[in-house]
Amino acid sequence: MKPSKVATSSDLAVTSSEARAAPSLTGNPLSLALGENLKRIRQERGLTQQNLAFAAEMDRTFVSLCERGATNPSLYSLGTLCWCLQITMADLFAGIAHTLPPSGMTNGKKRRANQASHEPRPPSAATLKRAETMRKKKLAQQEARPTTPTSTSRRKAQQS
């Protein structure tokens, strides 16, 4: 049985150019380390990717992508793989000390195109059209109202 690779401080050292680059959801140190653990455990169990994929009701290529760190598997998928390998999630993540900073800590490039942002967004064309329609409707209603004096203006007129 091969000893698992434990990340050392030199493995975790980040150069300034790496820190400025936006982290990727795939191919990053965390995905790669997880994939190495998955492959090592699968091989220790004497399973092929095809056998594991069949047991987990997944495609073999998905298992391959996970092992290469080329995909971002869900917890559900990882849990299923762990169940098939008869290990816990803690066993799968054993020895992984990698973390990923939020994308805001890098050069501002977001991980996802639809990522939530605190930056104000301009209103959509539909919103602007609705606002203009409501403004016109309100003006039309004001013009249609009869101009009757209010009770306050009547009192002032009577007092004069």
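Because the structure is predicted, anything quoted here is derived from the model rather than measured.

Some words on the overall build of the protein chain
Thought 1: In terms of helices and strands, the protein chain carries nine helices and zero strands.
Thought 2: Ordered by position in the sequence, the α and β elements of the protein chain form the string α-α-α-α-α-α-α-α-α.
Thought 3: Here the protein chain holds 160 residues, and 22% of them are scored as buried.
Thought 4: A total of about 12,100 Å² of accessible surface is found on the protein chain, and carbon and sulfur atoms cover 56% of it.

Focus: the nonpolar core
The nonpolar side chains of a soluble globular protein tend to be buried with one another.
Thought 1: Residues Leu-38, Leu-52, Leu-81, Leu-85, Ile-87 and Leu-92 are the most contacted members of the largest nonpolar core, which totals 18 residues.
Thought 2: Looking at this core, the elements with two or more residues in it are helix H3 (29-44), helix H4 (49-56), helix H5 (60-68) and helix H6 (75-85).
Thought 3: Broken down by element, the residue count for this core peaks at five residues, all from H6.
Thought 4: Setting aside its immediate chain neighbours within four residues, Leu-85 contacts Leu-38, Ile-41, Arg-42, Arg-45, Leu-47 and Leu-52.

Quick look at the side chain of Glu-67
Thought 1: Turning to its location among the elements, Glu-67 is positioned in helix H5.
Thought 2: Setting aside its immediate chain neighbours within four residues, Glu-67 contacts Gly-35, Glu-36, Leu-38, Lys-39, Arg-42 and Gln-49.

Remarks on the state of the cysteines
Thought 1: Summed over all chains, the structure comprises zero disulfides.
Thought 2: Of all cysteine sulfurs in the structure, the one in Cys-82 sits closest to Cys-84, which takes part in no disulfide; the separation is 9.4 Å.

Side note on the pattern of salt bridges
Thought 1: A complete count under the given rule lists three salt bridges for this structure.
Thought 2: A salt bridge links Glu-67 to Arg-42; the shortest N-O distance between them is 2.4 Å. Of this pair, Glu-67 sits in helix H5 while Arg-42 sits in helix H3, and the two are 25 residues apart along the sequence.
Thought 3: Classification of Glu-67 as buried rests on a relative accessible area of 8%.
Thought 4: The exposure class assigned to Arg-42 is buried, which follows from its relative accessible area of 7%.
Thought 5: Between Arg-135 and Glu-132 there is a salt bridge, with the nearest N and O atoms lying 2.6 Å from each other. In this pair, Arg-135 and Glu-132 both sit in helix H8 (residues 125-144), three residues apart, roughly one turn of the helix.
Thought 6: Assessed through its relative accessible area of 42%, Arg-135 is described here as partly exposed.
Thought 7: We classify Glu-132 as partly exposed; its relative accessible area is 31%.

What to know about the environment of Leu-30
Thought 1: When you line up the elements, Leu-30 lands in helix H3.
Thought 2: Here Leu-30 falls in the partly exposed class, since its relative accessible area comes to 26%.
Thought 3: The spatial distance from the C-alpha of Leu-30 to the C-alpha of Gly-69 is 8.1 Å, given a sequence separation of 39 residues.
Thought 4: When neighbours within four sequence positions are excluded, Leu-30 is seen to be in contact with Ile-96, His-98 and Leu-100.

About the cut-offs
- Every chain begins its residue count from 1, and numbering advances along the sequence as written.
- Under the rules for a predicted model, residues below a pLDDT of 70 receive no local features and side-chain atom pairs below 80 are neither given nor counted, while totals for whole chains, interfaces and linings still include all residues.
- As a convention, hydrogens and water are excluded, and side-chain values are obtained from all of the structure's heavy atoms.
- Here a helix means four or more residues in a row that DSSP labels H or I, a strand means two or more in a row labelled E, and each is numbered from the N terminus.
- Only protein chains enter the accessibility calculation, which uses a 1.4 Å probe; a residue whose area is less than 20% of its type maximum is buried, one above 50% is exposed, and one in between is partly exposed.
- Where accessible areas are quoted, they stem from the Shrake-Rupley method and a 1.4 Å probe; at the residue level, only the protein chains shown are allowed to cover.
- Residues belong to one nonpolar core when they are buried, are Ala, Val, Leu, Ile, Met, Phe, Trp, Tyr or Cys, and are joined through side-chain atoms within 4.5 Å.
- Note on contacts: a residue pair is in contact if any heavy atoms of the two residues lie within 4.5 Å.
- Count a disulfide wherever a pair of cysteine sulfur atoms falls within 2.5 Å.
- A carboxyl oxygen of Asp or Glu within 4 Å of a side-chain nitrogen of Lys or Arg is what we treat as a salt bridge.

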